[in-house]
Amino acid sequence: MAVTSKPRTGKGTDRVLHLVFAILLTATVISFTLWAIGVIGVNSHLPILILTILFGSFMAFNIGGNDVANSFGTSVGAGTLTLKQALLIAAVFEIGGAMLAGGEVTDTVKSGIVDLDGISLSPMDFAYIMMSALVGAAVWLLVATLRGWPVSTTHSIVGGIVGAAVTTGFVASASRHPWQMVQWGEIGQIVLSWFISPVLGGLCAFFLYKTIKSSILHYNDQAEEKLSHIRAERTECRRRNKEALSHMSDAERAEQTAAMGRDTITMSGENYSLEDLESDYYRELYRINQRAESINSHRALIHGTPFLAALGAVIIAAMLLLKGLKNIGLGLTPTTTTILLIMVGVTAWFAVHVFAKQLTSKPLDMATFIIFSWMQVFTAAAFAFSHGSNDIANAVGPFAAVLDVLHYNAIVAETQVPPFLMLTAGVALISGLWFIGRNVIHTVGTGLTKMHPASGFSAELSAAAVVMAASLLGLPVSSTHILIGAVLGIGVVNHSANWSLMKPIGMAWAITVPASALIGAVTVVIIRFFFAM
């Protein structure tokens, strides 16, 4: 089932941005290529170097179109961010996360998914496997992205490595059967994550959003209904006053108008009561206003959202400290981390409490939209930073491994990641978001269920909480699958989940590893045919 993108506006601006990102990506890749040639040198492996740079950039491009688009789908779908604003946040926080916290060292073989000790592997054979893995993962991600299917980039690169490594085992000298190289327990963990991830994300989002809906949104709906009756009463009061004035004599009308003028002056001040008013019109208006004030329409926002902000700030800060910034080596003790999280939570509570009180002058629906949008921007930015600092390794790990083979003619378990490589991957990432990310954004933001800033905030915060908890508990989860489950959890609460669209997405999850493995296998045969013969 294909997912079509929503009609775009501002086509002139889009064409300019198309050109800008095309030039930026091209210039970055060319600059990195020249830098890499300067480091590695011009030798017989120059074609391999150029292909590796193209494959790695292509992989990062497709991660942006699928994984990053998935992360920002709820924000764009809720109307909190436009695509261009999401692009700006991605540019700052994705690249910032990659450059600041992406880590100088990354594993070259993802998660120990294959045991390469069982085959006689030359450094160039290893390079061919990594190159093929990049192609296998990138091509599958491109197919899924164009269809609007959010899939796991980690599972994609794992599949690519498995396919390329097993195929190499069949053609190389192996001490055991190539299929025995695959760590099937790890594959089982991936299969398990298909079920654990969306279920945990869905349950967390269901209960969080149901709580928000019952304690804040439902109260707001009731208050808005009462305010609607108040507005109708004011309109009727004005109508009756005009009708009464039309039936008065000139003297009576002049006297009533003078009384209303004095009441207008009285009501413009403070500390006045009903007894201070002379005209029937302003006396009735005073009673209506008293009933309006007794509704206390913004009470749920003022008292409820600060707690949500504090909870969200603590979860996001914990995710950044323990996951997003883990590669920096902050060396924080559990006590220090706890104190920092408490400080962050208290600060967020007071900041949002003050902000919510300032919104009482705005209409209730607008105030609700603004405050949840404000909180959702922070969750989206934190997600982008965490993604840039962790998942970009799916592109740069194999990428850097090949560069090391070409540079040192040796296989290393861990490889140094040059900052220029991180920057190149980051530019390719946001370029992919701009050029091909719309279909996945549409799927996550509007296709699975309709989003509002409150529901989008719930989905993103729930996904962050599950990712954080799963990391601490060592559960096999996928952040992509968690967020999709969270979006469906929102849809269940609103009785609007699009289960028919979930069927092809679930199918895509199931075939991600075999599809990327097949492409990786074919690619390694082709590469070996041209370069290893």
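Keep in mind that this is a model prediction, so the values were computed, not measured.

## Some points on the environment of Val513
Along the chain, the position of Val513 falls in helix H17 (residues 499-531). Taking C-alpha positions, Val513 is 13 Å from Val166, a pair spaced 347 residues apart along the chain. Setting aside its immediate chain neighbours within four residues, Val513 contacts His155, Gly159 and Ile190.

## Notes on the nonpolar core
Ranked by internal contacts, the top residues of the largest apolar core, which has 161 residues, are Met59, Phe72 and Phe372. Looking at which element gives the most residues to this core, the answer is helix H4 (residues 123-147), with 15 residues. With sequence-adjacent residues up to four places away left out, Phe372 is seen in contact with Ile212, Ile216, Leu301, Thr305, Leu308, Pro453, Ala454 and Phe457.

## With respect to the pattern of salt bridges
Once their charged atoms are close, side chains differing in charge can pair, the charge on each being opposite to the other. Counted by the stated rule, this structure contains 11 salt bridges. Arg240 is the partner of Glu236 in a salt bridge, and the nearest nitrogen-oxygen pair spans 3.7 Å. Of this pair, Glu236 and Arg240 are both found in helix H6 (residues 184-246), four residues apart, which corresponds to roughly one turn of the helix. Judged by relative accessible area, Arg240 falls into the partly exposed class, the value being 40%.

## Re helix H16 (residues 479-493)
Here H16 contains 15 residues, and its C-alpha end-to-end distance of 21 Å stays within 8% of the 21 Å for a straight helix at 1.5 Å per residue. Directly after H16, the chain includes His495, whose backbone phi takes a positive value near 55°.

## As for the side chain of Glu460
Turning to its location among the elements, Glu460 is positioned in helix H15 (residues 453-473). There is a polar contact of 2.6 Å between the side chain of Glu460 and the side chain of Thr74. Ignoring anything within four residues of it in the chain, the contact list for Glu460 reads Ser71, Thr74, Ser75, Gln376, Thr379, Ala380, Phe383 and Leu483.

## Quick word on the packing of aromatic side chains
Counted under the stated rule, the structure contains 16 aromatic pairs. Ring geometry for Phe206 and Phe207: centres 5.3 Å apart, planes at 85°, overall edge-to-face. Ring-pair connections join several aromatic residues into one group, and the members of that group are Phe32, Trp35, Phe399 and Phe420.

## Observations concerning unusual backbone geometry
Unlike most non-glycine residues, Asn409 shows phi in positive territory, near 55°. Within the secondary structure, Asn409 is located in the loop between helix H12 (393-408) and strand E2 (414-416). Assessed through its relative accessible area of 53%, Asn409 is described here as exposed. Even without being glycine, His495 reaches a positive phi, approximately 55°. Mapping His495 onto the fold places it in the loop between H16 and H17. Using a relative accessible area of 77% as the deciding quantity, one classes His495 as exposed.

## A closer look at the environment of Gln183
Note on placement: Gln183 falls in the loop between helix H5 (153-171) and H6. Linking Gln183 and Val199, residues 16 residues apart in sequence, is a C-alpha distance of 25 Å.

## A look at H15
Here H15 spans 30 Å end to end across 21 residues, near enough to the 30 Å set by a 1.5 Å rise per residue. For H15, the tally of buried residues reaches 16 of 21 residues, placing the bulk of the element in the interior.

Reading the values: rules and limits
Residues numbered from 1 in each chain as written. Predicted model: local features only at pLDDT ≥ 70, side-chain atom pairs only at ≥ 80, totals over all residues. Heavy atoms only, no water. Helix = DSSP H or I, 4+ residues; strand = E, 2+ residues; numbered from the N terminus. Contact = heavy atoms within 4.5 Å. Core = buried A, V, L, I, M, F, W, Y, C linked by side-chain atoms within 4.5 Å. Buried < 20%, exposed > 50% of the residue type's maximum accessible area, 1.4 Å probe, protein only. Salt bridge = Lys/Arg side-chain N within 4 Å of Asp/Glu carboxyl O. Expected span 1.5 Å × (residues − 1). Polar contact = N/O pair within 3.5 Å; in protein donor to acceptor, adjacent residues only side chain to side chain. Phe/Tyr/Trp six-rings, centres within 6.5 Å; stacked < 30°, edge-to-face > 60°.

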